Each structure stands twice: as C-alpha cells, then as structure tokens.
Amino acid sequence: MPVTVVVGAQWGDEGKAKVIDLLAEQHSIVARYQGGHNAGHTVVVGDERYALQLIPSGVLYPHVTPVIGNGVVVDLPTLFKEMDSLESRGVSCAALKVSRLAHLILPWHQAHDALAEAARGDQPIGTTLKGIGPAYADKARRLGIRAGEVADLDTFAVTVRARATAEKALIDQAVTAAAATGSPVIDLPDLDIELIVEQWCEYGRRLQPHLADTVGMLHDAREAGADILLEGAQATFLDLDHGTYPYVTSSSPTAGGASAGSGLGPRHLDRIIGITKAYTTRVGAGPFPTELLDALGDKLIDVGHEYGTVTGRRRRAGWLDAYMLRHAVRLNSLTEFALTKLDVLDGFDEVRICTGYRINGQAISHYPDTATELAMVEPEYVTLPGWRSDLTAIRDRAELPSAAAEFLRVVEHTVGIPIDIVGVGAARDAYLKWSRT
Ligand code: GDP
Ligand code: IMO
Ligand code: MG
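The rules we used
- Residues numbered from 1 in each chain as written.
- Chains lettered and ligands numbered in written order.
- Predicted model: local features only at pLDDT ≥ 70, side-chain atom pairs only at ≥ 80, totals over all residues.
- Heavy atoms only, no water.
- Donors = N, O, S within 2.8 Å, 3.2 Å for Na, K, Ca; no water.
- Helix = DSSP H or I, 4+ residues; strand = E, 2+ residues; numbered from the N terminus.
- Phe/Tyr/Trp six-rings, centres within 6.5 Å; stacked < 30°, edge-to-face > 60°.
- Buried < 20%, exposed > 50% of the residue type's maximum accessible area, 1.4 Å probe, protein only.
- Lys NZ or Arg CZ within 6 Å of the ring centre and 35° of its normal.
- Salt bridge = Lys/Arg side-chain N within 4 Å of Asp/Glu carboxyl O.

Caption draft 1: Structural context of the coordination of the magnesium ion (ligand 3). Those protein atoms acting as donors to the magnesium ion (ligand 3) are Asp13 (OD) and Gly40 (O), and they sit at 2.0 to 2.2 Å. Of the two residues, aspartate 13 sits in the loop between strand 1 (3-8) and helix 1 (16-24) while glycine 40 sits in the loop between strand 2 (29-32) and strand 3 (41-45), which places them 27 residues apart along the sequence.

Printed below as a string of structure tokens:
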C-alpha cells in the first residue's frame, strides 16, 4: 500500500533512475509525475544500458505498470521512438498508461523554446530546447492540448490546425522582429500546418489504446494494496518555485509536485526519498556555490562520466553541498536519502562537504531564496581524508573503509535524516544498504 516518491535533491542527474530501478522490483506501478523528455534517466542492467526520457524507469520489469501521470508534458514522437526502441530490445511497453490530462508538446513549443533562449542573448537558461517551458506555459494559459483529446481525432485535427495556424503567425512575427533588430538568425524548422495535423493524428491514433484515467487508476490500486512508486524528473533546485529562478525548469519536481502531478493526495505519500550524488553537478546556467573550475572538477567529470544523457552537454561539477540538501529535506519532507556515485570519489586524496554558507563573512540563517543571493555565498567546508580504494565491489556497510563511512556520517549529521542506500557503481546490483533499518 505505501506510496514512495523519488525526488532529485540537487540539480538533476543524481541517479534517480538507478534507484527507481532498484525499488521498482518491489512495486507494481511506477508513475512519472512531471517534466517531459528533457529528462535523461539511465538504467544499467548487465551489459544493457537504457536511456529513458519519458517512459518510467520501472518499465524494465514485466510486473510493473508504467504510468505517465497528468503532470507530465508528452512529446509523442519521442514517446513512440522510445517505445519502439524498448520493444526492439525485448522490453514490452504494452501496459503503458498515459493520463488523459497530460499535456502534449507540439512543434511550435520547440520553436518558442529556441526563440526565448535566443532572445536572452548572452544569458540563456541553457534549456534542453525540447519545448518544455512553452508547453507548460500553454497549459497555464489554458491553451494546451491534452492527451485525452486524441480520443476524437476529427475534433483533435481541428484544434491542432487552429493552434498551429495561430502559433505559426506568432513565430513568423517573432523571427521577422528578431531579424529587424540585427539579432543572429535562428534556424527554425518551417511549421507545415497540414503536415503537423496529419502526423499528430497518426500519433493520436497510436496513443489511443494507452490513454487512461490514471488518477482513478492510482487511487484504486492504492486502495487495493498496491505499492506505487512516483518517479521525479529534474530536481528540487530546478523547481519552478523553489529552484534558482530563472535558471530552472518549468514544472514542480519537488514532492508537492508528485501529489499534483499524479493526483494522489499529500497524505498518501508515505516515503519520500531524496536522491543525491556524493558530489554535485549541474547542466545549464545558474549559480552553483560549490562548483570546482579546476582540475578537481575535471576529475569529477571524467571519472563520473558527467555528460548529459539527452543533450550530451558536459555537466558542471563540484563538491557535495549538504547545506543545500538540508533545504531539500525541508522542501520535500524527505524521509531519507539515497546517495549515489560514492565510488567516483575513490581516487581523491581529500574530499569536501559544504556544511554552511556565508555572505560577506556572515553566516546565514536561511537558504538563499534568490539566484542573485545564492551567487554571492561563500561555502564553508568540512575537509575529510579520502579513502583511496575501490568501493565498486563493496555490498556490505561493514566493509566500507572508515574514511568513506565517516563521509556518510558527516552528510547524515548535516542533513538531519538518514542515508538509506549508497550507490557504488552504475550496475543494478552496485549498491549497499547504509542504514541499519
Ligand atoms: P537521473 O537523471 O537522476 O536518473 O540520472 P542520470 O541517469 O542522468 O545520470 C546518472 C548517471 O550515473 C547514469 O549514467 C547512471 O548509470 C550512473 N550511476 C548511477 N548511480 C551510480 C553509482 O552509484 N556509481 C556510478 N559510478 N554511476 C552511477
Ligand atoms: P533529469 O531528470 C539535469 C535543466 C536544463 C536547463 C534547465 C531548464 O535527467 O535529472 P528545460 O529544458 O527543462 O526548460 O531546461 O533545466 N534540466 C536538467 N538538468 N537533469 C535533467 O533531468 C534536466 N532537465 C532539465 O539543462 O538548465
Ligand atoms: Mg538525467
């Protein structure tokens, strides 16, 4: 019966999918609740590596029903490409359910994403250019098209044609205005209205058998005693409200978003697991107090293979920020952490953990609530000796070198909640249970 939420506690790519894959074995439903194909969730099973963008990471287990919840924005070409790719590798997607209330991403959303980034000149957000922000904007403006609308393809075609016509006019206008101001020319694919209508009706037909009242389904399953896992994409500090605005995504990855984006009420969320790496990474622009711009940062990126799953971009890297994690505990009501990639620190002589911030030499009492303030902080560190040994084969907490155990204890002490699982490699079985419960 318990509902468990998995939330990124940093700026994304914490290894959420690996933890979800681990937990999914004991769950019958895994549901995504926000974001879209901006996510890149990697699961490694034996020699196989799966990079998922939209389909919940639980799909790899035949007993799991994967659900795309109402809070997700769905790019149908990506969804079907992903389904075809999984099916060709022997992973069935037949049971996939897509909420009728989820909003669709359409080609004009990607065009608007590119225009908005270009309009920011030398201060872009560094979005994935997948049209996520514009799709959520249309949802908020009550202009969005929902997945359930494909049930009646004739009406769907009329709606898509009307929206495409209006958006094409807006985009043409914006491109002409940008050119008149001498801004660099943006290479946007032409919006062929009739082709879009035709293609999306085709996609709509394929989507029909997967449509469901996922809210009702999740409640029924919960009441019948099923274990449900809610899979977050992005992360706490990319949250539209609580992240480093404007350098954020356009959804609510925090635990409150899990409730809104799945339809399960807040009191139904029993366990909320924050995922953190043993260090910090960020892809895209925005403040990053513990960022390492030197050889140590390069080492974290090289050893941790810190390149985006979706865009291939090099991630930025730095020491673990446990002060930031403490704020994530509050924002999400976290019950525990799973800490991944401890093995990436194996070759470091010293490891550091940020335990607080100062601004102009003064300790601060609350986590900075603006990107401007966060950009001004000086992190305070605890420096610990490294363990200089290979953790990747360790499966028992008793076998951890004492320096690695001390690292985990300092993190737990700073964040104030337990670390349950510790990741020591990308493979499915490369983890150990740190908490004694
Ligand atoms: P997500 O977006 O939070 O699901 O994370 P990503 O999949 O984008 O990035 C995490 C990367 O780290 C993936 O390549 C995982 O295979 C890998 N990974 C996850 N846990 C561990 C771990 O404990 N150790 C190591 N070395 N790699 C890990
Ligand atoms: P997962 O689920 C890391 C970042 C982008 C950009 C900002 C806004 O794999 O952890 P968007 O396209 O969402 O409007 O971009 O958010 N971003 C991510 N960074 N992991 C992700 O997903 C991300 N999804 C979006 O790089 O800075
Ligand atoms: Mg990722």
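Caption draft 2: Broad picture of the packing of aromatic side chains. Going through the model one piece at a time under the given rule, you end up with 10 aromatic pairs. Centroid distance tryptophan 11 to phenylalanine 288: 5.2 Å. Interplanar angle 55 degrees. Geometry classified as tilted. You can see tryptophan 11 sitting in the loop between strand 1 and helix 1 and its partner phenylalanine 288 sitting in the loop between strand 12 (280-282) and helix 9 (295-303), a full 277 residues away along the chain. This pair shows no difference in class: tryptophan 11 is buried, exactly as phenylalanine 288 is. Look at tryptophan 200 and tyrosine 203: their rings are 5.0 Å apart centre to centre, the planes differ by 85 degrees, and that puts the pair in the edge-to-face class. Here the residue tryptophan 200 and the residue tyrosine 203 both occupy positions in helix 6 (residues 193-207), the gap between them amounting to three residues, near one helical turn. Grouped by ring-pair contacts, the aromatic residues Trp11, Phe237, Phe288, Tyr323, Tyr357 and Tyr367 constitute a single cluster. Geometry around tyrosine 50 places arginine 89 over its ring, the cationic atom sitting 4.1 Å from the centre.

Caption draft 3: Quick look at the pattern of salt bridges. Within this structure, the stated rule accounts for 24 salt bridges. Arginine 395 is the partner of aspartate 429 in a salt bridge, and the nearest nitrogen-oxygen pair spans 4.0 Å. Here the residue aspartate 429 occupies a position in the loop between strand 19 (419-423) and strand 20 (431-433), and arginine 395 occupies one in the loop between strand 18 (378-385) and helix 12 (402-415), the gap between them amounting to 34 residues. When its relative accessible area of 47% is taken as the criterion, aspartate 429 is described as partly exposed.

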